[in-house]
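# Chains, contacts and geometry: an overview
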Amino acid sequence: MLARSAGTAKGVTRIAATLALAVAAACSGAPRTPGTIVLASGTDLEGMQPLTTTHGMSRQVQKYLVFTPLAALDDALRVVPWAAVGWTWRDARTLTVVVDTTLRWHDGRTVTATDAAFTIALARDTLVAWSRRSELDGIEADARGADTLVVRFARAPGAVPAVFTELPLLPAHRLRDADRTRLRVDAFTMAPVGSGPYRVAAREPGRRWVLERMPTFPSRLGGPGASAHIVIAVVDEATTKVAGLVSGALDMAGVNPATATLVERDAALRLVTYPTLFTNWLVFDAARAPFDDVRVRKAVALALDRRALVDGGVGGFATPSAAWSADLAHDTTPARVARADSLLDAAGWRRGADGMRARWGRALAVTLLCVATADNAVEQLLQAQLRARGIAVTIATREPGAMLVAARAPTRTHELLVTGVPGDLARGQLGQLFDPASRGGALDFGAARPVPFGAALARARAASEPAVRDAAWRDALAVLDDSVPATPLYHARGVQGASRRLQGVRIDLRGELATAPRWRLAPP
């Protein structure tokens, strides 16, 4: 069993106090029962508006628990009907979708094709600036009765687009009159009306969300959730998460490499590791010197020892690859420091007697923006690696919300950004980050957006033949190789500590919460 230090004991006390209210509220004042699962989130959920959310766990809560997309990925990662009963192709560019009208919004109204058409139109609206809006270019949808949706494509897609698995349906009757430029702060975002297996029953800002099982959720979609309540508790400190797991106040929590060993030593806990499509990026602000020069961007990308970042920063739980998407990451990308130094020299940044670089009397000094963590180990390793190349890096940390505001600001005061971005099997995150058509979206962090990349991406999305699609993707990735708007640091591997009482947990590339409606606690 895990030996508790005095610090850990204090952590147990703190987590118990923090979570007591959440558990009590979920259980209506009764003692903790197998009907309540408590999960930890490192930050507060971003809200329940799918069209403005980038936070990974928030998106999963929306997609798998509170709302229902038209389509979903099955365990073989195939696109299958979800809020749709089924679909048929009228011709190569016209899809008829039958919406499941046994679904109910959490206010009791019926989910209809009108809601589906409204959601697609809202997601395409430039005022909303959904991060994946460009994937809906050339797609229009109309309701033909309560259960029939006709989707028309400007170009034959070849299959139902995977973007429909990332677009939860929204209630037209609640959002039709909402200000589309202010959806992020609309009351709906924190008090949503969904159609998923759980509804938002309570929220305490910065502390917890309580989700309550919907007894009317259709059996075709798995029926009501296995647990009466799921509580998302905000727990930001790594040691506090472990203390919560040990005390039994938490049933699952993401853990870091240092605390993973503590989980493994406790007989009542287990360590769950799994592949993800989550990539940690170093983003260059192409509007600010020195990264307005592609040679400097390439030099930094080549200088990085990604294996050292993974081993020293995340305990080996990642693939140290510069591949543009996790599905392409197989091997370690080696550092090429001689080539990096040559590019910096060619750009006019020469080393002085102290080993640091300067040009025209100006030091090669940059600011790196990132989320504040306990030690910011990865960022400190980056700082040391770039200093070895003569680049001075100042680390500026922010809380998650403040970091996103600064990263998306029209005028930025940093040149580098370290951030994690969840991906998907269609590589939609690359379009959000680098496609000119997605400028101004949720993932517009100042990276260069090459026009040839947007053109190649459009060809890939329009292709109905796999060979044509693959060729277009090769062209798109070649543009990124040449322009280096950002560089992947590593592709993360998920690590969760979980109570052995928590049953039904199966985590795959769909995300941690894909099977959460079926999770339950075994009796103690």
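To be clear, the structure that these remarks concern was listed above.
Residues numbered from 1 in each chain as written. Predicted model: local features only at pLDDT ≥ 70, side-chain atom pairs only at ≥ 80, totals over all residues. Heavy atoms only, no water.

### With respect to unusual backbone geometry
Cis rather than trans, the peptide bond between Ala289 and Pro290 has omega equal to 5°. Residue placement: Pro290 occurs in the loop between β12 (269-284) and α7 (294-303). Residues other than glycine seldom take positive phi values, yet Trp360 does so here, at roughly 55°. Topologically, Trp360 is positioned in the loop between β15 (357-359) and β16 (362-363). (Helix = DSSP H or I, 4+ residues; strand = E, 2+ residues; numbered from the N terminus.)

### A closer look at the sheet that holds strand β6 (residues 139-143)
Two strands in a sheet stick together by hydrogen bonds in their backbones, pointing the same way (parallel) or opposite ways (antiparallel). In space, the 4 strands of this open sheet follow the order β4-β5-β7-β6, with antiparallel pairing throughout. Edge positions in the sheet fall to β4 (84-91) and β6, since each has one partner strand and no second. Neighbour-to-neighbour, the strand axes of the sheet open up by a mean angle of 20°, direction not taken into account. Relative to strand β5 (residues 94-99), β4 is paired through 6 bridges, and the arrangement is antiparallel. Note that in β5 the partner of Ala84 across the bridge is Val99. (Pairing = 2+ DSSP bridges. Axes fitted to C-alpha atoms, helices over the stretch in contact; angles between N-to-C directions.)

### Let's talk about the environment of Thr333
Tracing the backbone through its elements, the reader meets Thr333 in the loop between β13 (318-319) and α9 (337-346). Along the primary structure Thr333 and Arg307 are separated by 26 residues, whereas in three dimensions their C-alpha atoms are 8.0 Å apart. Beyond its immediate sequence surroundings of up to four residues, Thr333 is in contact with Arg306, Pro320, Ser321 and Ala322. A distance of 2.8 Å separates a polar side-chain atom of Thr333 from the backbone nitrogen of Ala322. (Contact = heavy atoms within 4.5 Å. Polar contact = N/O pair within 3.5 Å; in protein donor to acceptor, adjacent residues only side chain to side chain.)

### Describing the layout of surface pockets
Put simply, the second largest pocket is a space of about 870 Å³. For the second largest pocket, the lining is made up of 36 residues, of which Ala162, Ala426, Ala460, Arg461 and Arg469 are closest to its centre. Every element with two or more residues in the lining of the second largest pocket is listed here: α13 (451-462) and α14 (466-483). Considering only residue class, the lining of the second largest pocket consists of 23 nonpolar, 4 polar and 9 charged. (1 Å grid on protein atoms, 1.4 Å probe; cavity = no way out; pocket = protein on both sides within 12 Å on 5 of 7 lines; lining within 4 Å. Points joined across faces, edges and corners; volume = space filled by probe spheres on them. Nonpolar A, V, L, I, M, F, W, Y, C, P; charged D, E, K, R; others polar.)

Geometric descriptors of this kind do not, in isolation, establish any biological role.
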